[in-house]
Each structure stands twice: as C-alpha cells, then as structure tokens.
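# Notes for the structure review
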Protein chains: 2
Amino acid sequence: MVDEFYMLLAISEAWKYQVLTYPNPAVGCVITDKNGAILSINAHKKAGLAHAELEAAKEALSRLNPLLKFPQNPNELHTFILHNHQNLLKDSTLYVTLEPCSHQGLTPSCAELICALRVKKVVIGTEDNTKRAKGGSEILKKAGVKVAIGICKKECKELIEPFLSWQKGSFSFFKLAMRLDGSYDNGIITSLLSREFTHKLRDVCDLIIIGGETLRIDKPTLDSRLINGKAPDILICSQKEIDKSAPLFNVKNRKVIIQNNIDIPKKYKNIMMEGGSNFLQAMRNKVDWFLIFHSNLFSSAEGRSIKTNLNLKLIHNSRIENDIFGWYKQINN
Amino acid sequence: MVDEFYMLLAISEAWKYQVLTYPNPAVGCVITDKNGAILSINAHKKAGLAHAELEAAKEALSRLNPLLKFPQNPNELHTFILHNHQNLLKDSTLYVTLEPCSHQGLTPSCAELICALRVKKVVIGTEDNTKRAKGGSEILKKAGVKVAIGICKKECKELIEPFLSWQKGSFSFFKLAMRLDGSYDNGIITSLLSREFTHKLRDVCDLIIIGGETLRIDKPTLDSRLINGKAPDILICSQKEIDKSAPLFNVKNRKVIIQNNIDIPKKYKNIMMEGGSNFLQAMRNKVDWFLIFHSNLFSSAEGRSIKTNLNLKLIHNSRIENDIFGWYKQINN
C-alpha cells in the first residue's frame, strides 16, 4: 500500500487521544517491517507517558519477541528498548504524524531512538517547528535514515492545531451533547462511555466555562468523578445572581469565578465550554473547536434545541458505542 | 497484526457499498502477501460488477505487476486472472467478510478462483448459507487451502442483514437528513456528494415511500438525476387529496401508487422511505434500518424537528465531506 494509507492509520489512532495529550501534541505512529507488514499502530496517550514512536516500537517488539518484558516508566522503557531491541526493527519503516522530537524532555529524544533501532525509512506527516523539539529529521538523515516529509500534511497539521494554540496561548472547545433530533433537555443524554470520555477531557482542562442557565437548570458538578480525575476551575458567565449552593461549589481544590461578561481569563490554557443554546450563541466566535455528540435516541418530549447559526467544517468523526461525535471548527475561522 | 485487524478493514470497505450491491450482499476483501503486507482492500460495488475477491485479486496483481492490463468485464477479468496471475498471489492470505461463492452466477465461482491463485489461507467472516452460493469453504479445503471461519462474525453477519432480508422477502430503510440541531425545514440540507449518495441508493431501490406531507411541502422529484440513474416507483401514503401536478408525477417509466394506508405492496424488495417527523412516527416500526444524516450546519430558523421516540443501535457510521451519517436499527427489533 502507499505511504498515505499507513499515515491515515497513524492519524486515526492519534485522534483517539486528541486534547487528552495536553500540553503535548496528539501524535500517531505506525511501524511496518522490511516486507511492509504492519507491526504496530499506536499513539501518544497522555503527557508523561511514552511518545507515539516509543509506544509503537514497544508494540512492534512485543509482537516480534513475546518474551520481552517491558518496564512501565517511559524513561526506563526508552533505555530498555535501546538495549534490548535485538535489531528486530532493522530496515523497518516508521510513519509518524509529527516529526520525531530531537530533545530530551520528560522522555528522551525519539529521533535518537529511531536511529538506534536502525529503521530504514521515516515518513513524517508534518514538521515540528517548536523551538524545543525541532531538528528530529536532521538527526535521522545524519544517521543515514531515509526521510520523507509532508505525507497527508493537511490532516497532520490539523491534528496538532490544539497543540500549536497551547504553544501560542490557549485552546478552547465547546462540548455539546444532543439526541439525534437535536434535543438536549434535562437528564443524561449520552452513554456512560461517552461521559467517561468527557470526564477524561475535563481531567486535562484547567478551566470549564458555563453560562448561568446551565448552572440553574442542570445543576452540574463538572468534575471528573467517573475516571477519578481532577476538577478544573470553573468560570460562570452570568448577568443574573448565582445560587452558590449548587453542587459545583462543593468540590475541593477548585476555584469558581463568577463574572457578568464572557471574557476569558488569560492564565488558563486548555479550556472547555459546556452549555446549551444561549451559551453556544454567545461563545461561538470565541472558541477554536466544537465537540458535538449525538446520542442514539429520538425523544418526543419537548426538549430544548439549539438556536444559532453556524457553518462548520468536520475535522474528525468517530463513535463511542451507539453515540456519534465530531470535532468541528467554523468554516473561515 | 491479528486477523481481526484485516477483517475490520474489509468490513469497513464493504460498508461503502451497503445496499448499493442489491440484490447481492455487501462484501469486502483484503489480501496480504506471504509476509503479511497488505496488497489490496476492496469490495463488491454493484450487481453485475466483480465480486469482492475478484476486485481484490485484480488490485493486488496490478500492484505486483503494473504492466498487466485487465479487462473491464467481470467474466473476462475472471478468465484473464486465471491465465495471467503468474503465481504472484501464491501463499497470500485472503480475508473476506462472506464465504466465497461456490457457484457460477453472473460471474464465475470465487472459491475456484482463489484455489487457482494458490492462496495459502482464507479467513472468512461469516458463512454463506444461501442455497445457490454455499459450499465455498469446502471447495477451498479440498484444494488444500487453510480456512478459518467466524472472524468478526457479529459484524460480518450485520453487514449482510439487508441481503438476507432480500432473500426472504424485502428490505426497507428510512432515510432522514437533518442539520446538526435536528432541523430539516425546506431546502437543501446535505452536501452535493451526500445527495449523490442518496441518488445512488434510489437508483438501486425499486420503491420509494413518502407521506402526503412531504409531497405537499417539499414537492420532491425523487429520481436519481444527479447520477443519471433510474427513478424508482413511488408509493404515497396519504389520507388527504394528492396534487398530481407535483414533479414526481412527471417522471417517465415510473409507477406512482397512492393509498390511504401504510401497507407496503408485496412485489417490491428494496424499499427506501423518505420523509419527516409524522411519516417517521408512522413507519418507524415497519422499517428494518434507518439511515440518518447530519449536515454541518446549525440554523436558527424555526425549522421543523423530529418528534418521535426511538432507541437505536448504531450499526455503522461514516462521513461524506462535512456531513456525518449512520446506519441504525431499533434496539430489540
């Protein structure tokens, strides 16, 4: 198959962890052996865990030698692979959505690792131009590894848009959950697994912004209890009085800010908004992306529905059980 | 990678042609070489065109020998491949969602072709128990081909549900297009490519059923003009008088039936329903599947929205440009 095929597999894997990798970029990696058989499809899952290349190398090696016992800690894993790869990945091809990092960050340089594995060719989606990490492809070339850059470049650049926004300042997305008919009245809308995904997102966000209406009608807690994660700070934008007995005020280690405008405090970098029609209407030109869920139900109840005008570009879509969801951004934004 | 990985690629490819293969089943096929590298991912696209296995063999051979010039006609293609495969697919593995056919139908037996190619192993999703086609795996085994049956069986059985319904009588699905907010008021909702997909579906259906309200409000033509396809017969279910000057009455070679009940005439086998809230409410327990589109727009106009109760299982989801769509069926149906 052509390079694009493997790169799309890597992109698709990376999307499973979009935003969850904060402050790191979402990155996917595929390794094929010297004959072109796929050895691994993997991704970076969370800051502090292994980079995509390291995860993919581990998966490939464990397939080729099931007796290898890998350490958990990513630094130890890196060292272990350097000493125990047995040239099993010699002449393999590695597809990675973002240029392998050149630097020692929380984990050691991926470019150095790839050279040590004696990979024959590295196919890169898009360059890493960040000051800290750039230069990976030069390290590879100097070691005699063939390098191709720019395969599925548009898709790979889109994948790291949140990362580039974090680098420059902040990234924000508006999460919306509806039934198939667009209704979103009180009560649970999506499946438990979809809500766990939302809690994973909350766990990596430093601020959730809601409107006063959501607080009054839904009385949410807005924590990450389903995954035992953290509770981000809350900003409530409301021109009316706020009832401070609401559950979200009773969460430890959380700051709650109340203001009568929709300005976003500068100190926050990874920002989620949750709400309904009026809040979406107010915030729609302030957010970078939209994360829109549709559950598997039609409900004839007189549920609220969204009244706003938006023309969106679908960036990525997927499913969780019977729910569908898409990451969108405004066209011409 | 494990067998399930390749089977899921085959399943995903087959879904692109779901219903479009009428009266044949949707079938996908992946071929990997003796080293496990993917040579082709293909599917049966339309009755009278090549079966999935033949399409996949052609794609694999054209990759291995770009000089081969394949004939278009599937019977000629079958014969050509029998005489020109040059043992290039010897010891390959073939993954196919449905047991290869044993019989000479519109095209010759796929099982016989696979034996001639000297494929080493055939991995089958689900058995073909239809009288005409069954027995393919026995032919393979007798020729010394390794056969594994039942990989991703649940998904592969679901894929051929429309086919099994056609075999027993008829299959019907309700197509619904909404904006992200659930609105579906007058005018175009989805993109041109999505509408072309709908026209391809109409082209293979023998009956479209609508309610009187759709006729009065939308005044649709309900043909396949975007793809120069055929116009299926129409059944209008309405208790009110019908305006026979509507555009759908002016289409040649079409029968229009008007009745004041929702009984479906027995002679039709592949049936599409299109409409809005009231018609969905009326027909929801009469249809097998639902095909639900959500476009990329929110529209604050006071659009109609669906008022019914349905609890659906998502069978398959995908996208066309910025539109998302899912094939659904009722849970416990």
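Here the structure is a predicted model, which is why all the values come from computation and not from measurement. (Residues numbered from 1 in each chain as written. Chains lettered and ligands numbered in written order. Predicted model: local features only at pLDDT ≥ 70, side-chain atom pairs only at ≥ 80, totals over all residues. Heavy atoms only, no water.)

### Description of the nonpolar core
- Ranked by size, the top nonpolar core spans 207 residues in total, and within it Phe173 and Phe298 of chain A together with Phe173 and Phe298 of chain B carry the most contacts.
- For Phe298 of chain A, the residues in contact, after removing those within four places along its chain, are Leu180 and Asp181 of chain A together with Leu176, Met178, Leu280, Ile292, Ile306, Thr308, Asn309, Leu310 and Leu312 of chain B. (Core = buried A, V, L, I, M, F, W, Y, C linked by side-chain atoms within 4.5 Å. Buried < 20%, exposed > 50% of the residue type's maximum accessible area, 1.4 Å probe, protein only. Contact = heavy atoms within 4.5 Å.)

### So, empty space enclosed by the protein
- Scanning all chains against the criterion turns up one cavity of 30 Å³ or more.
- Counted as a void, the largest cavity has a volume near 30 Å³.
- The set of elements that each furnish at least two residues to the lining of the largest cavity consists of strand E13 (310-320) and strand E14 (323-330) of chain A together with strand E13 (310-320) and strand E14 (323-330) of chain B.
- For the lining of the largest cavity, the element with the most residues is E14 of chain A, which contributes three residues.
- Taken together, the residues of the lining of the largest cavity sort by class into four nonpolar, five polar and no charged. (1 Å grid on protein atoms, 1.4 Å probe; cavity = no way out; pocket = protein on both sides within 12 Å on 5 of 7 lines; lining within 4 Å. Points joined across faces, edges and corners; volume = space filled by probe spheres on them. Helix = DSSP H or I, 4+ residues; strand = E, 2+ residues; numbered from the N terminus. Nonpolar A, V, L, I, M, F, W, Y, C, P; charged D, E, K, R; others polar.)

### Observations regarding the pairing of strand E7 (residues 207-211) of chain A
All names here are of chain A.
- By the criterion of burial, E7 is predominantly enclosed, with five of the five residues buried.
- Here E7 shows no split at all, with Leu207, Ile209 and Gly211 on one side and Ile208 and Ile210 on the other all buried.
- In the sheet, E7 pairs with strand E8 (residues 233-237) via five bridges, with the strands oriented parallel. For Ile210, the partnering residue across the bridge sits in E8 and is Ile236.
- As judged from the three bridges shared by E7 and strand E10 (residues 270-274), these two strands associate in the parallel manner. Across the sheet, the residue bridging to Leu207 is Ile271, located in E10. (Pairing = 2+ DSSP bridges.)

### A word on the interface of chain A and chain B
- In this complex, chain A contributes 49 residues to the contact, which on the side of chain B involves 49 residues.
- In total, chain A and chain B occlude about 3700 Å² of area from one another, counting both sides; carbon and sulfur atoms represent 55% of this.
- The tally of links between chain A and chain B comes to zero salt bridges.
- For the interface between chain A and chain B, the tally reads 16 residue pairs in polar contact (both at pLDDT 80 or more).
- In terms of residue count, E13 of chain A provides more of the side of chain A that touches chain B than any other element does, ten residues in total.
- A per-class count over the side of chain A that touches chain B returns 23 nonpolar, 16 polar and ten charged. (Buried area = accessible area lost by both parts, 1.4 Å probe. Salt bridge = Lys/Arg side-chain N within 4 Å of Asp/Glu carboxyl O. Polar contact = N/O pair within 3.5 Å; in protein donor to acceptor, adjacent residues only side chain to side chain.)

### A look at the relation of the copies chain A and chain B
- Under the fitted operation, chain A is carried onto chain B by 0.0 Å of movement along the axis and a turn of 180 degrees, and the coordinates agree to an RMSD of 0.0 Å. Both copies of the chain, as the preceding transformation shows, are related through a two-fold rotation axis. (Least-squares fit on C-alpha atoms with pLDDT ≥ 70 in both.)

### A word on the confidence of the model for chain A
- Within chain A, residue pLDDT values average 94, and 99% of them lie at 70 or more.
- As a predicted assembly, this complex carries a pTM of 0.96 together with an ipTM value of 0.95. (pLDDT = per-residue confidence, 0-100.)

### Concerning the packing of aromatic side chains
Residue and element names in this part refer to chain A.
- For the structure shown, the criterion picks out 29 aromatic pairs over all chains.
- With centroids separated by 5.9 Å and ring planes inclined at 45 degrees, the aromatic side chains of Phe174 and Phe279 adopt a geometry described as tilted. With Phe174 in strand E6 (residues 171-178) and Phe279 in helix H10 (residues 277-283), the pair connects residues that are 105 residues apart, well separated along the chain.
- Judged by its relative accessible area of 0%, Phe174 falls in the buried class. (Phe/Tyr/Trp six-rings, centres within 6.5 Å; stacked < 30°, edge-to-face > 60°.)

### Quick notes on the side chain of Asp128 of chain A
Residue and element names in this part refer to chain A.
- You can see Asp128 is positioned in the loop between strand E4 (121-126) and helix H5 (136-142).
- Judged by relative accessible area, Asp128 falls into the buried class, the value being 7%.
- The residues contacting Asp128, other than those within four sequence positions of it, are Leu98, Glu99, Ala133 and Lys134.

### Points about the layout of surface pockets
Residue and element names in this part refer to chain B.
- The computed volume of the second largest pocket comes to approximately 1000 Å³.
- Lining the second largest pocket are 40 residues, and of these Thr214, Asp218, Pro220, Glu274 and Gly275 lie nearest its centre.
- Per-element accounting of the lining of the second largest pocket gives the leading share, six residues, to helix H9 (residues 212-218).
- Taken together, the residues of the lining of the second largest pocket break down into twelve nonpolar, 16 polar and twelve charged.

### Here we look at the packing of helix H2 (residues 52-64) of chain B against helix H3 (residues 74-84) of chain B
Residue and element names in this part refer to chain B.
- Axis separation between H2 and H3 bottoms out at 11 Å; the angle between their running directions is 55 degrees. Taken together, the axes of H2 and H3 are oblique relative to one another. You can see that H2 and H3 cross each other, and the crossing is left-handed. Residues Leu54, Ala57, Lys58 and Leu61 of H2 lie in contact with H3, whose contacting residues are Pro74, Leu77, His78 and Ile81. (Axes fitted to C-alpha atoms, helices over the stretch in contact; angles between N-to-C directions. Parallel < 35°, antiparallel > 145°, perpendicular 65-115°, else oblique. Left-handed = near helix turned anticlockwise from the far one by under 90°.)

### Details of the pairing of strand E2 (residues 38-43) of chain B
Residues and elements named next belong to chain B.
- Burial analysis of E2 places six of its six residues in the buried class, the great majority of the element.
- Taken together, the five bridges between strand E1 (residues 28-32) and E2 define a ladder with antiparallel strand orientation. Among the inter-strand pairings, Ile31 is bridged to a residue of E2, identified as Ser40.
- Linking E1 back to E2 in an antiparallel pair, the connection comprises five residues, with Gly36 at a positive phi of about 95 degrees.

### Focus: the sheet that holds strand E6 (residues 171-178) of chain B
- Judged by pairing direction, the sheet is mixed, and its nine strands sit side by side in the order E12(A)-E13(B)-E14(B)-E11(B)-E6(B)-E10(B)-E7(B)-E8(B)-E9(B) without closing on themselves. A single partner strand is all that each edge strand has here, and the edge strands are strand E12 (297-298) of chain A together with strand E9 (256-259) of chain B.
- Strand direction decides the pairing type here: E12 of chain A and E13 of chain B, joined by two bridges, are antiparallel. Opposite Phe298 of chain A, over in E13 of chain B, you have Leu310 of chain B as the bridge partner.
- Contacts from helix H8 (residues 192-204) of chain B reach E6, strand E7 (207-211), strand E10 (270-274), strand E11 (289-294), E13 and E14 of chain B, with the element oriented near 140 degrees to E10 of chain B.

### Some details on the state of the cysteines
Residues and elements named next belong to chain A.
- What the rule picks out here adds up to zero disulfides over all chains.
- Cys101 forms no disulfide, and the closest cysteine sulfur to it belongs to Cys110, at a distance of 3.8 Å.
- Among the residues examined, Cys101 registers a relative accessible area of 6% and is labelled buried. (Disulfide = S-S within 2.5 Å.)

### Thoughts on the pattern of salt bridges
Residue and element names in this part refer to chain B.
- One pass over the structure, following the stated rule, counts 32 salt bridges over all chains.
- Glu274 serves as the salt-bridge partner of Lys175, at 3.7 Å between the closest nitrogen and oxygen. Here Lys175 is found in strand E6, whereas its partner Glu274 is found in strand E10, with 99 residues between them in sequence. For the pair formed by Lys175 and Glu274, the shared burial category is buried.

### Regarding the environment of Met178 of chain B
- For Met178 of chain B, the position within the fold is in strand E6.
- Sequence separation of Met178 of chain B and Thr190 of chain B is twelve residues, and the distance between their C-alpha atoms is 7.9 Å.
- Beyond its immediate stretch of four places on either side in the chain, Met178 of chain B contacts Leu180, Asp181 and Phe298 of chain A together with Ser183, Tyr184, Ile189, Ile292, Phe293, His294, Ser295 and Ile306 of chain B.

### Topic: the domain arrangement of chain A
Residue and element names in this part refer to chain A.
- Each domain of chain A was delimited in the assignment, giving domain 1 (2-165) and domain 2 (170-330).
- The distance between the C-alpha centroids of domain 1 and domain 2 comes to 33 Å.
- Each side of the interface is counted separately: domain 1 has twelve residues, and domain 2 has 17 residues.
- Both sides together, the interface formed by domain 1 and domain 2 hides about 1400 Å², and carbon and sulfur atoms give 63% of it.
- Three residues, Trp15, Leu20 and Tyr22, lead the burial of domain 1 against domain 2; their summed loss comes to 42% of the area buried on that side.
- Taken together, the links from domain 1 to domain 2 amount to four salt bridges.
- Here Lys329 makes a salt bridge to Glu158, at a shortest N to O gap of 3.4 Å.
- Along the contact surface separating domain 1 from domain 2 lie five residue pairs in polar contact (both at pLDDT 80 or more).
- Only helix H6 (153-159) and helix H7 (161-168) provide two or more residues apiece to the side of domain 1 that touches domain 2. (Domains from an automatic or database assignment.)

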